[in-house]
Amino acid sequence: SLMAAILELDAAGVAVVPSASYGLATVAANVDHGDRDVVMLAEQFPSNVYVWRELTARSGASVRTVARPDGDEWTSAVIDSIDDGVGVVAVPPSHWSDGTAVDLKAVSAAAREVGAALVIDGTQAVGAWHLDFATIAPDAILGGFYKWLLGPYSLGYLWVAPHLRQGTPLEHNWVNRAGSEDFAGLVDYQDTFQPGAQ
């Protein structure tokens, strides 16, 4: 798929979603955070805040909001907030309001050290600059097509790592069930899903 080529990740992990917030909600419903905290940037885009507030409220964990550091050096501030009590690091490649960058390779390494999932909202950067996602190795990356991918509103992408590909969808559409391409067999109901992120 074209989106897999842009991300330089495997096509089996790509799903088309209606928005970045839908992708975030799907990931939050499936990521195993071990009832640990979620790290995010201060003043992050609202879609990337509400979903993690809800997840942590249900589990008794907390959202750790990284304050804007002096000189806007987000990377060190994010890494300093990651410890064994963190289950998800949900950061973008760049802050949505001013474009300041986050070194996702360094943040990924810190997240991996404590077994935390890395979830990236790429809306503000994917298509504008090259990011080596194969090296960054996120658990999920998602975004809308309407920014640097020059697409329409109401469409987005979600790429998930293999361990998240057989999770639970937000809605049970017939199309994402195994065998749905065989229209004559639609009433042969399937409990299994299509392969990959579909």
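Residues numbered from 1 in each chain as written. Predicted model: local features only at pLDDT ≥ 70, side-chain atom pairs only at ≥ 80, totals over all residues. Heavy atoms only, no water.

What follows concerns the overall build of the protein chain. Summing up its helical and strand segments, the protein chain has six helices and seven strands in all. Ordered by position from the N terminus, the helices and strands of the protein chain form the series α-β-α-β-α-β-α-β-α-β-α-β-β. In terms of overall dimensions, the protein chain has a C-alpha envelope of 60 × 40 × 25 Å along the principal axes. Scored against the burial criterion, the 198 residues of the protein chain give a buried share of 48%. Partitioning the intrachain contacts of the protein chain with sequence separation of at least 6 by distance along the chain shows that 62% fall at a separation of at least 24. By element, 55% of the accessible surface of the protein chain is carried by carbon and sulfur atoms, the whole surface being about 9700 Å². The protein chain carries 10 positive and 24 negative side-chain charges, and their two centres are separated by 3 Å. (Helix = DSSP H or I, 4+ residues; strand = E, 2+ residues; numbered from the N terminus. Buried < 20%, exposed > 50% of the residue type's maximum accessible area, 1.4 Å probe, protein only. Contact = heavy atoms within 4.5 Å. Areas by Shrake-Rupley, 256 points an atom, 1.4 Å probe, with all protein chains shown as cover. Lys, Arg positive; Asp, Glu negative; His and termini not counted. Charge placed at Lys NZ, Arg CZ, Asp CG, Glu CD.)

Across all of its chains, the model carries seven salt bridges by this definition. The partner of Arg 64 in a salt bridge is Asp 37, and the shortest N-O contact between them spans 2.9 Å. Of this pair, Arg 64 sits in strand S3 (residues 63-66) while Asp 37 sits in strand S2 (residues 37-41), and the two are 27 residues apart along the sequence. When its relative accessible area of 23% is taken as the criterion, Arg 64 is described as partly exposed. What makes Asp 37 buried here is its relative accessible area of 15%. The salt bridge partner of Asp 83 is Arg 64, with a shortest N-O separation of 3.0 Å. Of the two residues, Asp 83 is situated in the loop between helix H4 (74-80) and strand S4 (86-90) and Arg 64 in strand S3; the sequence distance between them amounts to 19 residues. Since its relative accessible area comes to 35%, Asp 83 is described here as partly exposed. (Salt bridge = Lys/Arg side-chain N within 4 Å of Asp/Glu carboxyl O.)

Once that is clear, we can look at the packing of helix H2 (residues 20-30) against helix H3 (residues 47-59). It is at 9 Å that the axes of H2 and H3 come closest, and there the two elements cross at 20 degrees. Our classification of the angle between H2 and H3 gives roughly parallel. Crossing handedness for the pair H2 and H3: right-handed. Residues Ser 21, Leu 24, Ala 25, Val 27 and Ala 28 of H2 touch H3, and the partners they reach there are Ser 47, Asn 48, Val 51, Trp 52 and Leu 55. (Axes fitted to C-alpha atoms, helices over the stretch in contact; angles between N-to-C directions. Parallel < 35°, antiparallel > 145°, perpendicular 65-115°, else oblique. Left-handed = near helix turned anticlockwise from the far one by under 90°.)

Turning to the packing of aromatic side chains, a few remarks are in order. Summed over the entire model, instances satisfying the criterion amount to four aromatic pairs. When the centroid spacing of 5.0 Å and the interplanar angle of 85 degrees are considered together, the rings of Phe 45 and Trp 96 count as edge-to-face. Here the residue Phe 45 occupies a position in the loop between S2 and H3, and Trp 96 occupies one in the loop between S4 and helix H5 (104-113), the gap between them amounting to 51 residues. With 6.0 Å between their ring centres and 75 degrees between their planes, Trp 174 and Phe 183 make a pair best called edge-to-face. (Phe/Tyr/Trp six-rings, centres within 6.5 Å; stacked < 30°, edge-to-face > 60°.)

Checked against the element boundaries, Thr 75 lands in helix H4. Relative accessible area serves as the criterion here: at 8%, Thr 75 is assigned to the buried category. Setting aside its immediate chain neighbours within four residues, Thr 75 contacts Ala 101, Val 102, Asp 103, Ala 106 and Val 107.

This paragraph deals with unusual backbone geometry. The phi torsion at Glu 8 lies on the positive side, around 60 degrees, for a residue other than glycine. Glu 8 sits in the partly exposed class, given a relative accessible area of 44%. Here the phi dihedral of Ser 154 falls at roughly 75 degrees; this positive angle occurs in a residue that is not glycine. Tracing the sequence through the fold places Ser 154 in the loop between strand S6 (140-144) and strand S7 (156-160).

Once that is clear, we can look at the side chain of Gln 194. Within the secondary structure layout, Gln 194 lies in the segment after S7. Gln 194 gets classed as buried once you look at its relative accessible area, which sits at 11%. There is a polar contact of 3.1 Å between the side chain of Gln 194 and the backbone oxygen of Arg 177. Of note is the side chain of Gln 194, whose polar atom sits 2.9 Å from the side chain of Ser 180. (Polar contact = N/O pair within 3.5 Å; in protein donor to acceptor, adjacent residues only side chain to side chain.)

These values are about where atoms sit, not about what they do.
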